[in-house]
Amino acid sequence: MASLIIKIGNLTYVPHDDNSYGFLVHEILEQMLSTKAARKIHERLQKLCNGNITPERINSMTDEQIKSIGTSFQKVRYIRNLTNAVIDRTIIFDSLMSLSDEEAIKALTKIQGIGNWTAKMYLIFVLNRPDVLPFEDGAFLQSYKWLYNTDDVSKESIIRKCECWKPYSSIASRYMYIALDSGMTKKTVENWR
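Note that the structure is a prediction, hence the values are computed from the model and not measured. (Residues numbered from 1 in each chain as written. Predicted model: local features only at pLDDT ≥ 70, side-chain atom pairs only at ≥ 80, totals over all residues. Heavy atoms only, no water.)

Chemist: Residue-level account of the nonpolar core, with values.
Modeler: Counting 56 residues, the largest nonpolar core has L82 and Y122 as the members making the most contacts within it. Where this core is concerned, the elements lending two or more residues are α2 (20-30), α3 (35-48), α6 (73-87), α7 (93-96), α8 (101-109), α9 (116-125), α10 (138-148) and α12 (169-181). Ranked by the residues each element gives to this core, the list is headed by α9, at 7 residues. (Core = buried A, V, L, I, M, F, W, Y, C linked by side-chain atoms within 4.5 Å. Buried < 20%, exposed > 50% of the residue type's maximum accessible area, 1.4 Å probe, protein only. Helix = DSSP H or I, 4+ residues; strand = E, 2+ residues; numbered from the N terminus.)

Structure representation (structure tokens):
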């Protein structure tokens, strides 16, 4: 990890804090899909919402309209669940900021369709929490397997191996995402050092 940090250098990023609802809708659409496919579907939803994905806008649409962007009825149901939770104030995004990581994940995962992966992505990329380890994430796992030259991606093994990242697991994870996105993981670890 130290070599990876040296190779990439300092990180600069801005948390996604402008539209928590829109972020979670995007993450629901991305579940179990490639980034490219999810991006296309999300673009269609943005167009359908005139560029602004809000609970009110989604609430005014039929299930068929939402499904027409190329997503499944199951994901339409998940988006409805999130929309209803926001409208009836079951979830209040501002209140998540004062909760611990565990409490925020628990609050988010009460909404059917938001699992640990989606909740962790929210904590890392919206709440900017520094110590979240996204061992459920496929992109993270690809980089992890590459960096540590292992096929053991069990939760226990990852937690044990990444213990030294604490209390900056989210920051280390961002480096892993950059390694994957920049194509570094296409080379052996020895060849990029």
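Chemist: Account for the pattern of salt bridges, naming residues and giving values.
Modeler: One pass over the structure, following the stated rule, counts 4 salt bridges. Linking R80 and D63 is a salt bridge whose minimum nitrogen-to-oxygen distance equals 2.7 Å. Highlighted residues: R80 in helix α6 and D63 in helix α5 (residues 63-67), separated in sequence by 17 residues. Since its relative accessible area comes to 16%, R80 is described here as buried. The residue E136 makes a salt bridge to K120 at a minimum N-O spacing of 3.1 Å. (Salt bridge = Lys/Arg side-chain N within 4 Å of Asp/Glu carboxyl O.)

Chemist: Break down unusual backbone geometry for me, with residues and values.
Modeler: If a residue is not glycine, its phi is most likely negative; likewise, a peptide bond is most likely trans. Here K166 and P167 are connected by a cis peptide whose omega angle stands at 0°. The residue P167 is located in the loop between α11 (155-161) and α12 in this model. Here the phi dihedral of M32 falls at roughly 65°; this positive angle occurs in a residue that is not glycine. Along the chain, M32 falls in the loop between α2 and α3. Look at M32 and you get exposed, because its relative accessible area is 84%. Positive phi values are uncommon outside glycine, yet N50 reaches one of about 55°. Positionally, N50 belongs in the loop between α3 and α4 (55-59).

Chemist: Describe the packing of aromatic side chains, naming the residues involved and giving the relevant values.
Modeler: In the structure shown here, the tally under the stated rule is 6 aromatic pairs. The interplanar angle of 40° and the centroid separation of 5.9 Å between the aromatic rings of F125 and Y177 together place this pair among those described as tilted. Separated by 52 residues along the polypeptide, F125 in helix α9 and Y177 in helix α12 bring together distant segments of the chain. Comparing F125 with Y177 shows no difference in burial state: the two are buried. Taken together, F140, Y144, Y148 and W165 form an aromatic cluster joined through their ring pairs. We note K67 situated over the ring of F73; from NZ or CZ to the ring centre the distance is 5.1 Å. (Phe/Tyr/Trp six-rings, centres within 6.5 Å; stacked < 30°, edge-to-face > 60°. Lys NZ or Arg CZ within 6 Å of the ring centre and 35° of its normal.)

Chemist: Outline α12, supporting the account with residue identities and numerical values.
Modeler: The terminal C-alpha atoms of α12 lie 18 Å apart, and with 13 residues this matches the ideal 18 Å at 1.5 Å per residue to within 8%. Burial within α12 is extensive, with 10 of its 13 residues counted as buried. Of all the positions in α12, only S169, S170, A172, S173, R174, Y175, M176, Y177, A179 and L180 are classed as buried. Elements in contact with the buried residues of α12: α1 (2-8), α9 and α10. Once α12 ends, the next one or two residues include G183, with phi positive near 90°. (Expected span 1.5 Å × (residues − 1). Contact = heavy atoms within 4.5 Å.)

Chemist: Describe a positive patch on the surface, naming the residues involved and giving the relevant values.
Modeler: On the surface, K36, R39, K40 and R44 cluster together into a patch of positive charge. According to the relative accessible area criterion, K40 is partly exposed, its value standing at 47%. (Patch = residues over 30% accessible without salt bridge, like charges linked within 9 Å, V, L, I, M, F, W, Y side chains within 5 Å. Areas by Shrake-Rupley, 256 points an atom, 1.4 Å probe, with all protein chains shown as cover. Lys, Arg positive; Asp, Glu negative; His and termini not counted. Charge placed at Lys NZ, Arg CZ, Asp CG, Glu CD.)

Chemist: Residues and numbers for the layout of surface pockets, please.
Modeler: Reported here for the largest pocket is a volume of approximately 1,200 Å³. What lines the largest pocket is a set of 38 residues, and nearest its centre among them are F23, H26, E27, E30 and F125. Those elements giving two or more residues to the lining of the second largest pocket turn out to be α8, α9 and α11. Broken down by class, the residue content of the lining of the second largest pocket amounts to 7 nonpolar, 1 polar and 7 charged. (1 Å grid on protein atoms, 1.4 Å probe; cavity = no way out; pocket = protein on both sides within 12 Å on 5 of 7 lines; lining within 4 Å. Points joined across faces, edges and corners; volume = space filled by probe spheres on them. Nonpolar A, V, L, I, M, F, W, Y, C, P; charged D, E, K, R; others polar.)

This is a description of form; function is not addressed.
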